[in-house]
Amino acid sequence: MTADQGVPGRPLLNRRLAEFGTTIFAEMSALAVRTGAINLGQGFPDTDGPEAVREAAVRALRDGRGNQYPPGPGIPELRTAVAAHQRRWYGQLGLDPDPETEVLVTAGATEAITAALLALLEPGDEVIALEPYYDSYAAAIAMAGGTRVPVTLRPSPSEGGAQGEGTFRLDLDELRDAVTDRTRLILLNTPHNPTGTVLSRDELAAIAELCVERGLLAVTDEVYEHLVYEGEHIPIASFPGMRERTVTISSAGKAFSFTGWKVGWVTSTPELVSAVRSAKQFLTYVSAGPFQYAVAEALALPDSYYTQLREDLRAQRDLLSEGLAEAGFGVFRAPGTYFVTTDIRPLGESSGIDFCLALPERCGVVAVPTQVFYDHEAAGAPFVRFAFCKQQDVLADAVRRLKGAPG
Ligand SMILES: *Cc1c(COP(=O)(O)O)cnc(C)c1O
């Protein structure tokens with residue numbers, strides 16, 4: 001039974017979610033399976049994270065730690081480790097959360113984002129988000145009764161570079177103009193999926209000033225905080241006046257290559273953490289008991305772990321970006337994340353959706369049309385996202401296939 005069948009006279013899927021009923025991902029994944037294509041669509045690594053961390057999860061399971069409901073805010077070991085992580089990487093910027101009251105463990109960043117929006121929005125509140133956006137944002141805003149207001153990241157051809165023709169940039173005037181009396185919060189994501197953009201210190205400072213001036217909250221998705229290849233990651237919570245109005249969100253999935261574990265966290269003031277927890281407790285209450293112990297150990301890995309992860313991904317990014325450029329794509333630089341965005345117009349194509357639907361048959365590769373992450377669909381039509389969080393030989397194979405495809 002599908003959403004528009006069943007009880008006569010009324011669709012099963014409600015109005016808030018109707019537009020999210022189907023996504024292109026299911027279709028693309030089915031295509032990938034049917035054609036045996038290399039899947040550079042979805043952003044998950046094809047290699048698991050550190051063996052020691054996996055073993056820590058096994059040990060926790062065997063020792064009976066976390067097999068029953070963990071504490072609502074997360075196990076103390078993990079809350080302490082999250083607080084220590086914030087202090088270790090951002091302490092010099094003034095971030096030093098109290099593990100007792102300023103940390104909340106969630107079922108991945110996804111639940112943290114949804115819980116934050118459910119907690120902080122009244123129906124009709126406007127939420128500004130940078131478009132194209134991560135696919136859960138629009139649905140989460142809708143579930144919370146909010147209205148999304150997209151501000152489009154625009155491709156800028158500046159800065160050339162061997163691997164790319166520019167990056168996607170935020171227009172600060174457009175952002176300022178998007179704020180109204182109904183704006184409640186800015187939902188920020190840096191490093192940004194799908195464009196790979198890393199917001200600069202100046203851009204973050206301007207966003208922070210706007211939040212303070214207009215009395216806005218910020219919910220910030222920083223799951224790629226350790227995957228920055230150019231520039232630097234600066235939590236917006238560290239800017240003047242922002243600590244008390246920012247909900248900072250991250251997760252173990254991308255930092256430790258265990259996306260299936262779904263261990264995420266919120267750091268913020270006691271008041272904001274408590275608000276988010278009010279919603280979170282009725283979504284999952286708790287999750288991932290034994291994995292929480294393992295992630296507590298992962299967060300304490302030495303700097304060399306984080307450096308190696310970044311350098312490995314940088315090499316993967318370079319391999320794929322160069323290959324895509326050689327195959328004739330326009331390639332945007334990806335200063336961060338798992339993803340490189342391409343422009344298919346140099347190939348004589350204009351619809352990313354048609355292109356991606358044909359690509360598996362044509363050359364055995366799956367990619368994602370970024371148009372599906374836009375409200376202003378036309379703005380995203382010619383762009384296609386490829387994930388480079390895959391082994392080098394897989395990427396090399398994909399590049400060979402893409403080069404073989406008729407342009
Ligand atoms: C992967 C991803 C998430 C989801 O994180 P989980 O911890 O798996 O829920 C959230 N935001 C962005 C931008 C992502 O790329």
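Predicted model, so just to flag it, every value in this text is computed and none were measured.

### Thoughts on the pattern of salt bridges
Under the definition given, this model contains 26 salt bridges. In this structure, the salt-bridge partner of Asp 173 is Arg 176, at a minimum N-O distance of 2.9 Å. Taken together, the residues Asp 173 and Arg 176, both in helix 6 (residues 172–178) and 3 residues apart, mark about one turn of the helix. What makes Arg 176 partly exposed here is its relative accessible area of 39%. For Arg 401, the salt bridge identified is with Asp 397, shortest N-O distance 3.4 Å. Of this pair, Arg 401 and Asp 397 both sit in helix 14 (residues 392–404), 4 residues apart, which is roughly one turn of the helix. Judged by its relative accessible area of 28%, Arg 401 falls in the partly exposed class. Residues joined by salt bridges that share partners form a network here, namely Glu 230, Arg 317, Asp 318 and Arg 333.

### Here's the deal with the site of the ligand
Contacts to the ligand come from Gly 108, Ala 109, Thr 110, Tyr 134, Asn 189, Asn 193, Asp 221, Val 223, Tyr 224, Ser 251, Lys 254 and Lys 262. Contact between the ligand and Ser 251: an oxygen atom at 2.6 Å from a side-chain N or O atom of the residue. Protein contacts shield 94% of the accessible area of the ligand, which totals 380 Å² for the unbound molecule. Counting residues per element, the shell around the ligand draws most heavily on helix 4 (residues 108–120), which supplies 3 residues. Looking at the shell around the ligand, its residues break down into 4 nonpolar, 5 polar and 3 charged.

### A closer look at the pairing of strand 12 (residues 339–343)
The buried fraction of strand 12 is high, at 5 of 5 residues. Residue alternation in strand 12 divides its side chains into two sets, Phe 339, Thr 341 and Asp 343 and Val 340 and Thr 342, and both sets are buried. By the bridge criterion, 2 bridges tie strand 11 (residues 330–331) to strand 12 in an arrangement that is antiparallel. Residue Gly 330 lies in a different strand from strand 12, and its bridge partner there is Asp 343.

### So, the packing of aromatic side chains
Taken as a whole and judged by the stated rule, the model has 17 aromatic pairs. Here Tyr 69 and Tyr 285 contribute two aromatic rings whose centre-to-centre distance is 5.7 Å and whose plane-to-plane angle is 70°, an arrangement assigned as edge-to-face. Of the two residues, Tyr 69 sits in the loop between helix 2 (51–62) and helix 3 (76–90) while Tyr 285 sits in the loop between helix 9 (270–280) and helix 10 (289–299), which places them 216 residues apart along the sequence. Connected via pairs of aromatic rings, a cluster forms that spans Trp 89, Phe 256, Tyr 305 and Tyr 306. Lying across the ring of Tyr 293, Arg 65 places its NZ or CZ 4.9 Å from the centre.

### Here we look at the sheet that holds strand 11
Ordered in space as 11-12-15-14, the 4 strands form an open sheet in which the pairing is antiparallel. At either end of the open sheet lies a strand with only one pairing partner, and these are strand 11 and strand 14 (368–369). Direction of pairing for strand 12 relative to strand 15 (residues 383–387): antiparallel, over a ladder of 5 bridges. Bridge pairing in strand 15 links Val 340 to Phe 386.

### Here's the deal with the packing of helix 11 (residues 303–326) against helix 14
Relative to each other, helix 11 and helix 14 sit at 5°, their axes nearing to 9 Å. Judged by the angle between their axes, helix 11 and helix 14 are roughly parallel. Contacts from Ala 315, Gln 316, Leu 319, Leu 320, Gly 323, Leu 324 and Glu 326 of helix 11 reach helix 14 at Gln 392, Leu 395, Ala 396, Val 399, Leu 402 and Lys 403.

### Points about empty space enclosed by the protein
Here the structure, examined in full by the defined rule, presents 1 cavity of 30 Å³ or more. Quantified by volume, the largest cavity comes out at close to 30 Å³. Around the largest cavity, the lining residues are Pro 71, Gly 72, Pro 73, Gly 74, Val 105, Thr 106, Lys 280, Val 286, Ser 287 and Gln 292. Looking at the lining of the largest cavity residue by residue, the class counts come to 4 nonpolar, 5 polar and 1 charged.

### Overview of the pairing of strand 8 (residues 217–221)
With 5 of its 5 residues buried, strand 8 lies for the most part within the structure. Burial along strand 8 is two-sided: the residues Leu 217, Val 219 and Asp 221 and Ala 218 and Thr 220 are all buried. Bridge analysis of strand 7 (residues 183–189) against strand 8 gives 5 bridges, and the strand direction is parallel. Looking across to strand 8, one finds that Leu 185 is bridged to Leu 217. Remark: the strand 7/helix 7 (residues 201–214)/strand 8 crossover connection has right-handed handedness.

### Topic: helix 9
Of the residues making up helix 9, those classed as buried are Leu 272, Val 273, Val 276, Ala 279 and Lys 280. Each buried residue of helix 9 lies within a common arc of 120° when the element is viewed along its axis, so the set occupies one face. Buried positions along helix 9 lie against strand 2 (103–106), helix 4, strand 8, strand 9 (246–251) and strand 10 (264–267).

### A closer look at the domain arrangement of the protein
In terms of domain boundaries, the protein breaks down into domain 1 (16–45 + 304–404) and domain 2 (51–301). A separation of 24 Å is found between the C-alpha centroids of domain 1 and domain 2. Across the contact, 38 residues belong to domain 1 and 46 residues belong to domain 2. Summed over both sides, the interface between domain 1 and domain 2 buries roughly 3800 Å², with carbon and sulfur atoms accounting for 58% of that surface. In terms of surface lost to domain 2, no three residues of domain 1 exceed Tyr 306, Arg 333 and Pro 335, which account for 22% of the buried area on that side. Counting across the domain 1 and domain 2 interface gives 4 salt bridges. The salt bridge partner of Arg 148 is Asp 375, with a shortest N-O separation of 2.7 Å. At the boundary of domain 1 and domain 2, one finds 20 residue pairs in polar contact (both at pLDDT 80 or more). Counting only elements with at least two residues in the side of domain 1 that touches domain 2, the list comes to helix 11, strand 11, strand 12 and strand 15.

Reading guide: rules and limits
The residue numbering used here restarts from 1 in each chain and proceeds along that chain's sequence as written. Only residues with pLDDT of at least 70 get local features here, since the model is predicted, and only at 80 or more are side-chain atom pairs given and counted; chain-wide, interface and lining totals rely on the full set of residues. Excluded from the side-chain calculation are hydrogens and water; included are all heavy atoms of the structure. Salt bridges are identified by distance alone: a Lys or Arg side-chain nitrogen within 4 Å of an Asp or Glu carboxyl oxygen. Labels follow the DSSP assignment, with helices taken as runs of H or I lasting at least four residues and strands as runs of E lasting at least two, numbered in each case from the N terminus. Each residue gets one of three labels from its accessible area relative to the maximum for its type: buried under 20%, exposed over 50%, partly exposed in between, using a 1.4 Å probe on protein chains only. Any residue with at least one heavy atom within 4 Å of a molecule or strand is counted as near it. Counting of polar contacts relies on pairs of N or O atoms within 3.5 Å, with two restrictions inside protein: one atom must be capable of donating a hydrogen and the other of accepting it, and residues adjacent in sequence are counted only when both atoms are side-chain atoms. Note on areas: Shrake-Rupley with a 1.4 Å probe; residue coverage comes only from the protein chains shown. When residues are grouped by polarity, Ala, Val, Leu, Ile, Met, Phe, Trp, Tyr, Cys and Pro land in nonpolar, Asp, Glu, Lys and Arg in charged, and all others, Gly among them, in polar. In this analysis, strands are considered paired if DSSP registers two or more bridges between them. Two aromatic rings, drawn from Phe, Tyr or Trp (for Trp, its six-membered ring), form a pair once their centres lie within 6.5 Å of each other, and the interplanar angle then sorts them: stacked below 30 degrees, edge-to-face above 60, tilted otherwise. Consider the ring centre and the ring normal. A charge sits over the ring if Lys NZ or Arg CZ is within 6 Å of that centre and within 35 degrees of that normal. For helices, the axis comes from a line fit to the C-alpha atoms of the stretch in contact; other axes are also lines fit to C-alpha atoms, and the angle between any two N-to-C directions lies between 0 and 180 degrees. Oblique is the label for any angle not under 35 degrees, not over 145, and not in the 65 to 115 range, which are roughly parallel, roughly antiparallel and roughly perpendicular in turn. Contacts are assigned to residue pairs that have any heavy atoms within 4.5 Å of one another. Of the two site types, the cavity is a set of points on a 1 Å grid over the protein atoms alone where a 1.4 Å probe fits but cannot get out, and the pocket is an open set with protein on both sides within 12 Å along at least five of seven lines, each lined by residues with an atom within 4 Å of a point. Grid points are joined across faces, edges and corners, and a volume is the space filled by probe spheres set on the points. Every crossover in which the path from the first strand over the helix to the second runs clockwise, viewed with the strands pointing away from the viewer, is termed right-handed. Directions pointing from the helix axis toward each C-beta atom define the arc. Those domain boundaries reflect an automatic or database domain assignment. Put simply, buried area is the surface a 1.4 Å probe can reach on two separate parts but cannot reach once they are joined, added for both.

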